[in-house]
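Report on the structure
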Amino acid sequence: MAEFPLGEFGASTEQFVASWAAGISEHAARTQALSERVASMSATADGAQGAVRVTVASTGAMTDLVLDDRVLHWRAGEIAATVLAVMRQAQGRLAAQVAEAAAETVGADSETARAVVGSYATRFPEVPEDDDPGYAGWGGRGR
């Protein structure tokens with residue numbers, strides 16, 4: 001097979017490919033760092049004036065539940081509704097944490113950041129603190 005002299009074009013092509021490969025490797029490392037940070041995240045929320053505290057993992061799964069003695073005076077349905085509402089508040093805090101981690105690792109305006117943060121914002125929408133259940137509707141039992 002005949003070889004063709006590439007001259008400067010060959011050298012610049014090799015530099016381009018090396019630069020491109022380095023850029024890909026750097027992006028992969030930053031994306032891996034984001035993945036590791038997100039995997040280790042958790043969020044906690046309190047509700048019903050502190051009677052219920054829920055912690056969730058980065059997946060949104062509940063990892064801790066703390067109930068104080070005030071819930072002993074509530075109906076089972078009230079406890080369940082409060083736990084679920086507080087869990088949604090905790091989950092809603094994840095997107096902000098993910099956005100911060102994305103900005104610090106892959107850049108806030110990157111396609112990766114937009115995809116990951118968008119996924120969290122869609123799956124776990126932020127719940128306003130005003131949506132804390134139990135202040136008015138349950139007649140003040142145990143609160």
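Keep in mind that what you see is a predicted model, and the values were worked out from it rather than measured.

A short note on the overall build of the chain
When helices and strands are tallied, the chain shows four helices and three strands. Listing every helix and strand of the chain by position from the N terminus yields α-β-β-β-α-α-α. Taken across its 143 residues, the chain has 31% of its residues classed as buried. Here the chain has roughly 8,900 Å² of accessible surface; of this, 58% comes from carbon and sulfur atoms.

Thoughts on the nonpolar core
Of all hydrophobic cores here, the largest spans 25 residues; its most connected members are Val52, Val54, Val56 and Tyr120. No other element matches the five residues that helix H3 (residues 94-105) contributes to this core. Those residues within four positions of valine 52 in sequence are excluded, and the remaining contacts are Ala45, Asp46, Gly47, Leu65, Val66, Leu67, Val71, Trp74, Thr82, Val83 and Val86.

Let's talk about the environment of alanine 43
Counting through the fold element by element, alanine 43 comes out in strand S1 (residues 42-47). For the pair alanine 43 and valine 54, spaced 11 residues apart in sequence, the C-alpha to C-alpha distance is 8.3 Å. Setting aside residues up to four positions removed in sequence, alanine 43 forms contacts with Val54, Thr55, Val56, Ala90, Arg93, Leu94 and Gln97.

Some details on the pattern of salt bridges
One pass over the structure, following the stated rule, counts five salt bridges. Residues glutamate 26 and arginine 30 are paired through a salt bridge, measuring 2.6 Å at the closest nitrogen-oxygen approach. Here arginine 30 and glutamate 26 lie together in helix H1 (residues 7-39), a separation of four residues that amounts to about one turn. Here glutamate 78 and arginine 75 are joined by a salt bridge, their closest N and O atoms 3.1 Å apart.

A look at the pairing of S1
Because side chains alternate across S1, one face comprises the buried residues Ala43, Ala45 and Gly47, and the other comprises Ser42, Thr44 and Asp46, none of which is buried. With six bridges connecting them, S1 and strand S2 (residues 52-57) associate as antiparallel partners. What sits directly across from alanine 45, in S2, is valine 54. Connecting S1 to the antiparallel partner S2 that follows it, the hairpin turn spans four residues, and alanine 48 within it adopts a positive phi of roughly 50 degrees.

Re the packing of aromatic side chains
As enumerated under the stated definition, the model contains one aromatic pair in all. Taking the centre distance of 5.9 Å and the plane angle of 50 degrees together, the rings of tyrosine 120 and phenylalanine 124 count as tilted. On the basis of relative accessible area, phenylalanine 124 is assigned to the buried category, the value being 9%. In this structure, arginine 123 is placed above the aromatic ring of tyrosine 120, and the distance from its NZ or CZ to the ring centre is 4.7 Å.

Cut-offs and rules
Residues numbered from 1 in each chain as written. Predicted model: local features only at pLDDT ≥ 70, side-chain atom pairs only at ≥ 80, totals over all residues. Heavy atoms only, no water. Helix = DSSP H or I, 4+ residues; strand = E, 2+ residues; numbered from the N terminus. Buried < 20%, exposed > 50% of the residue type's maximum accessible area, 1.4 Å probe, protein only. Areas by Shrake-Rupley, 256 points an atom, 1.4 Å probe, with all protein chains shown as cover. Core = buried A, V, L, I, M, F, W, Y, C linked by side-chain atoms within 4.5 Å. Contact = heavy atoms within 4.5 Å. Salt bridge = Lys/Arg side-chain N within 4 Å of Asp/Glu carboxyl O. Pairing = 2+ DSSP bridges. Phe/Tyr/Trp six-rings, centres within 6.5 Å; stacked < 30°, edge-to-face > 60°. Lys NZ or Arg CZ within 6 Å of the ring centre and 35° of its normal.

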